[in-house]
Amino acid sequence: MNKPWIKNPSKVLPQLMVAVWATWGYFSMGTVRGWSSPGIPSLNRTLDFEMSSSDFQWISSFPMLGAMLGSLFINKPMQYYGRKNALIGHYLIFIGGFLITGFTYFGKHKSMLYVGRFLMGFAAGCTTPAAQIYVSECASPRIRGRMGSLTASSLALGVWLTYIIGSFVDWHVLSWILGCLPILFMGGSFLLPESPVWLISKGRHQEAQRSLQVLRGKGTNIEAEIERIKEHQERVAIKSGQDDTVMQQFRDVLTSGPVVKPLAISLSIMLFQQTTGINAIVFYTVSIFQTAGSSMDGTYATIIVGAVQLIFTVASGFLVDRCGRRMLYIVSAITTSIPLTAMGTFFYFQHQWGDQEATDYFGWLPLVSLMVFFITYSGGISNVPFIIMGEMFPLRYRSLLGGISSSFHLFCTFVVVRFFPDMLREMGKDGTFYFFAGCTLLSAIFVYFLLPETKGKTLEEMEQLFSSNNLSESRKRINCLDDVIAMEISLNGTVVLLGRSETNDCDTEELQLSVNKL
């Protein structure tokens, strides 16, 4: 039975504060994604320089092209300068992107918009692997899922706040306001501890010990965890040998089973997340309500939808370490397909009956459907892909694979956002939402058969999982493997570690109690 995660606040609160501050990059990413919904209609209303309808589509989707490059670029800064410094540096790009976009109001040339939006996206691409990997490496296994889910909450908060500000100011003022926030986030990031995993990988053991002590609380004995991380680093170093070049890493990505399997799973889930239509809906929320002929003003409906998404994204963070990643995603995917089907049905009736009659009978359905969509989407699909990205990748390749996975995710986002208007035109509005619903159901089947449960497992155990010869055997093994460090208890004044050892025959579940004086 899981115990309340705040039972030991002295141990949890330092990790929580670090995770909250580290995920402000996701907040800025949310502002980039949310900008289009109020920003594009506002730009269209106040336009006093030349732009075509195609330019508007490209301005909406252009950040995703920058994000693909950013997620690959951040790999080397994370490796050589550390997770913390990579987070600090990427805020400068956010600031530049928003300010250039805002100053287009004076420059009056669309090229400034393209440059500004590209830089916004480049910074957003840097955020995904940097923040998620940093949080995963800093959090203890018992609460890592909840800490990792803060990224999705910060993203939803950024989108919602952009909706609210954008309903009261013009696009250029919105850009300037959003460009000021990363200055605050960057300043606070200087106070964060560096990832102890990265510090140990660089041989800076004393700094790693101090960093881990800050993260686990002053009264916590961290010796066992430090030793576990060191031993794992040594095994990785022996296994990798001297041939650790970029080309060798890329060859391993293409040929090594322990690398290919987690990467393939992560890429597939990133693809399925985008084929729910989430970012098409976020980028074009106001336009969807206008197209549906909803009686409610599209701007206010967007604010309501954004608030619902934020609330339930935060709520799902409390479930991810109780229900597990697999179950949360499967339930979320099945229930998310229902409002998508309902939206498709509304547009079907709109096509058959005409706009006025469909609105008279079902005018309430678009708002209700999108509210339910964001509730169910936020329950699992929103955060599970990012959580497992920080958990499944081997340490030696974590920065590289995180960049590849993030870049692919952003490429999928770009494709869906860029061609969403074309899908509506070619497939019909009803066919587009039926397509999203079908892909969402398909993702539930994929996760059921192929995604192993990562709940409560150490990052080192996850590497052992994918070293297995086949994935079905891996799932069996991980379900039979408890935490290496399950709990710390005091017995007659002696601190002991209670753990379970993995056996070849998981059905017998032979347990081993190891008592080690620290």
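Residues numbered from 1 in each chain as written. Predicted model: local features only at pLDDT ≥ 70, side-chain atom pairs only at ≥ 80, totals over all residues. Heavy atoms only, no water.

A. Broad picture of the packing of aromatic side chains. Inspection of the entire model under this criterion finds 29 aromatic pairs. Their ring planes at 85° and their centres at 6.1 Å tell us that phenylalanine 433 and phenylalanine 436 sit as a pair that is edge-to-face. Of the two residues, phenylalanine 433 and phenylalanine 436 are both situated in helix α23 (residues 398-450); the distance of 3 residues between them amounts to about one turn of the helix. Per residue, the accessibility class of phenylalanine 433 equals that of phenylalanine 436, and both read buried. One aromatic cluster is present, built from ring pairs that chain together Phe346, Phe347, Phe420, Phe433, Phe435 and Phe436. When the ring centre of tyrosine 105 is taken as origin, the NZ or CZ atom of lysine 108, which lies over that ring, is 5.3 Å away. (Phe/Tyr/Trp six-rings, centres within 6.5 Å; stacked < 30°, edge-to-face > 60°. Helix = DSSP H or I, 4+ residues; strand = E, 2+ residues; numbered from the N terminus. Buried < 20%, exposed > 50% of the residue type's maximum accessible area, 1.4 Å probe, protein only. Lys NZ or Arg CZ within 6 Å of the ring centre and 35° of its normal.)

B. Spotlight on the packing of helix α2 (residues 24-46) against helix α5 (residues 83-107). Contact geometry for α2 and α5: axes closest at 11 Å, N-to-C directions at 25°. As the angle between them shows, α2 and α5 are arranged roughly parallel. The way α2 lies across α5 gives a crossing that is left-handed. Between α2, through Trp24, Gly25, Ser28, Met29, Thr31, Val32 and Trp35, and α5, the contact on the second element is made entirely by His90, Tyr91, Phe94, Phe98 and Thr101. Residues belonging to the contact of α2 with α5 are distributed by class as follows: 7 nonpolar, 5 polar and no charged. (Axes fitted to C-alpha atoms, helices over the stretch in contact; angles between N-to-C directions. Parallel < 35°, antiparallel > 145°, perpendicular 65-115°, else oblique. Left-handed = near helix turned anticlockwise from the far one by under 90°. Contact = heavy atoms within 4.5 Å. Nonpolar A, V, L, I, M, F, W, Y, C, P; charged D, E, K, R; others polar.)

C. Focus on helix α11 (residues 205-216). Here α11 contains 12 residues, and its C-alpha end-to-end distance of 16 Å stays within 8% of the 16 Å for a straight helix at 1.5 Å per residue. For α11, the complete set of buried residues consists of Ala208, Ser211, Leu212, Leu215 and Arg216. Buried positions in α11, seen along its axis, are confined to an arc of 125° and lie on one side of it. Exposed side of α11, more than 90 degrees from the buried face: Gln206 and Arg210 are the residues found there. Of the residues trailing α11, glycine 217 is marked for its positive phi of about 100°. (Expected span 1.5 Å × (residues − 1). Arc of directions from axis to C-beta.)

D. The pattern of salt bridges, seen in detail. In the structure shown here, the tally under the stated rule is 9 salt bridges. Glutamate 207 is paired through a salt bridge with arginine 204; the nearest N and O atoms lie 2.9 Å apart. Overall, the relative accessible area of 31% leaves glutamate 207 in the partly exposed class. The salt bridge partner of arginine 425 is aspartate 422, with a shortest N-O separation of 2.3 Å. Here arginine 425 pairs with aspartate 422, and both are found in helix α23, just 3 residues apart, close to one helical turn. Its relative accessible area of 56% is what places arginine 425 among the exposed residues. The structure contains a network of salt bridges with shared partners spanning Arg216, Glu225 and Arg228. (Salt bridge = Lys/Arg side-chain N within 4 Å of Asp/Glu carboxyl O.)

E. Here's a closer look at a nonpolar patch on the surface. On the surface, Leu442, Ile445, Tyr448, Phe449 and Leu450 cluster together into a nonpolar patch covering about 510 Å² of accessible area. By the element assignment, leucine 450 lies in helix α23. (Patch = residues over 30% accessible without salt bridge, like charges linked within 9 Å, V, L, I, M, F, W, Y side chains within 5 Å. Areas by Shrake-Rupley, 256 points an atom, 1.4 Å probe, with all protein chains shown as cover.)

F. Geometry of the side chain of asparagine 279. For asparagine 279, the position within the fold is in helix α15 (residues 278-283). A residue is classified by how much of its surface remains accessible, and asparagine 279, at 3% relative accessible area, is buried. Not counting the four nearest positions on each side in its chain, asparagine 279 is found in contact with Arg33, Gln274, Thr413 and Val417.

G. Fine view of unusual backbone geometry. Positioned with a positive phi, lysine 108 is a non-glycine residue whose angle comes to about 55°. Mapping lysine 108 onto the fold places it in the loop between α5 and α6 (110-138).

H. Structural view of the environment of proline 258. Locating proline 258 in the fold gives a position in helix α14 (residues 257-274). Of the residues examined, proline 258 reaches a relative accessible area of 22% and is grouped as partly exposed. For the pair proline 258 and phenylalanine 393, spaced 135 residues apart in the sequence, the C-alpha separation amounts to 8.7 Å.

I. Inspection of the side chain of arginine 216 at higher detail. Residue position: arginine 216 is located in helix α11. Among the polar contacts listed, one links the side chain of arginine 216 to the side chain of glutamate 225, at a separation of 2.8 Å. (Polar contact = N/O pair within 3.5 Å; in protein donor to acceptor, adjacent residues only side chain to side chain.)

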